[in-house]
Amino acid sequence: MRRFASLFILMHFVASPVWAEDHPARLRVFASVLPVQTFIEAVGGERVETEVMVLPGQSPATYDPSPKQVAALAGADLYVRVGVPFELAWMKRIQAANPDMPVLDLRDGLPLRLQEAHEHDHEHGQHVGHAHEATTDTPSTAPVPDEMDPHIWTSPLLVREMAVAIRTALSELDPEGAPLYARRQQDFDAELLALHQDLQRSLAGLDDRAFLVYHPAWGYFADTYDLEQIPIERAGKQPGPRRLSALIEQAQTAGTRAIFVQPEFDQRIAEQVARSIGGRVEVATPLAANYAENLQRFAAILVDANSRSDSTDSADSTESAHSVESAPSAPPANPAAPSAKAQ
């Protein structure tokens with residue numbers, strides 16, 4: 001019996017270095033929202049363990065990290081942010097939980113847009129693009145006005161650039177994994193380009209290129225595919241009677257028949273607008289983990305809603321509601337090394 005015990009102990013010590021070599025310690029990375037977690041996993045694969053701050057069904061505008069999450073940040077190797085509202089209030093505390101933890105701000109270097117929901121924006125949802133200069137050393141004090149739209153991930157072309165930034169950050173933290181991160185980022189890039197081209201084809205034939213949203217979370221998607229996002233909510237406030245009347249008139253002029261509402265928001269105002277324009281309320285979220293499928297469903301619903309005849313719309317305008325949100329799924333298989341940007 002003793003010989004068997006000794007043999008087991010010997011095998012354990014002999015095998016341990018081999019196991020450690022084949023299974024290196026994984027980087028622990030926190031993501032602000034679910035789509036960002038998907039991108040990190042697509043690039044990092046099994047060498048990265050990810051956790052997300054804003055849990056499914058929660059709003060990034062009102063989310064408060066739990067004490068458990070804040071405590072877990074003490075063991076994190078990297079935090080990846082996009083500038084969603086809760087981060088404006090929490091970044092100092094997040095960094096205080098782990099002062100040595102690097103923070104990757106995925107907005108760095110991207111052309112940002114103003115969010116239409118603010119009072120000084122033009123009535124018709126026009127925007128002005130701004131470049132966000134890199135502030136990797138002190139991202140919590142990044143010179144980005146609160147009114148800049150943080151929903152950068154709704155454009156696959158911007159996600160291609162974000163994936164390169166993720167690859168670079170992971171490679172700096174884990175040089176041995178750099179070849180893997182390069183291969184996976186390249187494969188992921190090819191998938192994003194294919195997704196972009198598919199969305200282009202789907203949306204190319206739309207005559208009515210406007211859509212209503214309760215909360216303006218789809219601006220980068222709209223910019224990428226030559227669409228117009230018309231927000232109901234402004235500065236986090238529901239529209240008053242005068243604004244609601246103007247909104248209905250604007251929607252009728254634009255010819256839009258789709259009104260998108262995130263599941264965490266009240267649908268009653270959207271349903272009122274839908275009845276007035278002969279439109280339909282659609283439940284959609286930009287926060288789903290199954291990124292490609294989510295954008296494809298969003299586009300399909302928009303094409304269906306804005307391609308229907310007026311007579312068809314008036315018959316069943318408020319009867320259907322499609323869900324663009326699906327249960328979280330795994331990121332693309334075997335993502336991997338950078339490729340040329342789409343034109």
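Residues numbered from 1 in each chain as written. Predicted model: local features only at pLDDT ≥ 70, side-chain atom pairs only at ≥ 80, totals over all residues. Heavy atoms only, no water.

**Some points on the overall build of the protein**
Across its full length, the protein carries 11 helices and 10 strands. A total of 343 residues make up the protein; the buried ones form 50% of that total. Accessible surface, the protein: about 16,400 Å² in total, of which carbon and sulfur atoms supply 54%. (Helix = DSSP H or I, 4+ residues; strand = E, 2+ residues; numbered from the N terminus. Buried < 20%, exposed > 50% of the residue type's maximum accessible area, 1.4 Å probe, protein only. Areas by Shrake-Rupley, 256 points an atom, 1.4 Å probe, with all protein chains shown as cover.)

**Some thoughts on the confidence of the model for the protein**
Overall, the prediction assigns the protein a mean pLDDT of 79, with 73% of residues at 70 or greater. Contacts for the low-pLDDT stretch residues 4-21, under 50 throughout, to residues beyond four places or in other chains number zero contacts. (pLDDT = per-residue confidence, 0-100. Contact = heavy atoms within 4.5 Å.)

**With respect to the pattern of salt bridges**
Per the counting criterion, the structure on display carries 13 salt bridges. The partner of Asp304 in a salt bridge is Arg280, with the nearest N and O atoms 2.7 Å apart. On the criterion of sequence distance, the pair formed by Asp304 in helix α10 (residues 291-307) and Arg280 in strand β10 (residues 280-283) is long-range, its members being 24 residues apart. For Asp304, a relative accessible area of 34% puts it in the partly exposed group. Of the charged contacts, one joins Glu293 and Arg297 as a salt bridge, the two residues approaching to 2.2 Å between their closest N and O atoms. In this pair, Glu293 and Arg297 are both assigned in helix α10, four residues apart and thus about one turn of the helix distant. Glu293 sits in the partly exposed class, given a relative accessible area of 33%. Taken together, the shared-partner salt bridges in this structure form one network comprising Arg81, Glu87, Asp105 and Arg107. (Salt bridge = Lys/Arg side-chain N within 4 Å of Asp/Glu carboxyl O.)

**Overview of the environment of Thr224**
In this fold, Thr224 is placed in helix α7 (residues 219-224). Judged by its relative accessible area of 24%, Thr224 is partly exposed. Placed 28 residues apart in sequence, Thr224 and His196 show a C-alpha to C-alpha distance of 9.1 Å. Setting aside chain neighbours within four positions, we find Thr224 in contact with Ser155, Leu157 and His196. A polar atom in the side chain of Thr224 sits 2.8 Å from the side chain of Ser155. (Polar contact = N/O pair within 3.5 Å; in protein donor to acceptor, adjacent residues only side chain to side chain.)

**Quick look at the packing of helix α2 (residues 34-44) against helix α6 (residues 178-203)**
It is the contact of α2 with α6, at a shortest axis distance of 7 Å, that shows an interaxial angle of 125 degrees. One element, α2, and the other, α6, form an angle in the oblique class. Contacts from Phe39, Glu41, Ala42, Val43 and Gly44 of α2 reach α6 at Leu180, Tyr181, Arg184, Gln185 and Phe188. Considering only residue class, the contact of α2 with α6 consists of six nonpolar, two polar and two charged. (Axes fitted to C-alpha atoms, helices over the stretch in contact; angles between N-to-C directions. Parallel < 35°, antiparallel > 145°, perpendicular 65-115°, else oblique. Nonpolar A, V, L, I, M, F, W, Y, C, P; charged D, E, K, R; others polar.)

**Focus: α2**
Counting buried positions along α2 gives 10 out of 11 residues, so the element sits mostly inside the fold. Among all positions of α2, only Leu34, Pro35, Val36, Gln37, Thr38, Phe39, Ile40, Ala42, Val43 and Gly44 are buried.

**What to know about the sheet that holds strand β1 (residues 27-31)**
Read across the sheet, four strands follow the order β2-β1-β3-β4 without closing on themselves; strand pairing throughout is parallel. The sheet is open, and its two borders are formed by β2 (48-52) and β4 (103-105), each paired with just one other strand. Averaged over all pairs of adjacent strands, the angle between their axes in this sheet comes to 25 degrees, without regard to strand direction. Pairing of strand β3 (residues 78-81) with β4 involves three bridges; the strand directions are parallel. Residue pairing for β4: Arg81 is matched across the bridge by Asp105. Helix α4 (residues 85-97) contacts β3 and β4 of the sheet and is inclined by roughly 170 degrees relative to β3. (Pairing = 2+ DSSP bridges.)

**Side note on the side chain of Arg280**
Among the residues examined, Arg280 registers a relative accessible area of 3% and is labelled buried. In terms of polar contacts, Arg280 uses its side chain to reach the side chain of Glu282, at 2.5 Å.

**Quick notes on the sheet that holds strand β9 (residues 258-261)**
With respect to topology, four strands assemble into an open sheet ordered β8-β7-β9-β10, the strand pairing being parallel. In the strand order of this sheet, the two ends are held by β8 (228-231) and β10, each with one partner. Here the average twist between neighbouring strands, direction ignored, is 35 degrees. Both β9 and β10 contribute to a ladder of four bridges, which runs parallel. Residue pairing in the sheet places Ala258 in a bridge with Arg280 of β10. Packed on one face of the sheet, helix α9 (residues 268-277) meets β7 (210-213), β9 and β10 and runs near 175 degrees to β9.

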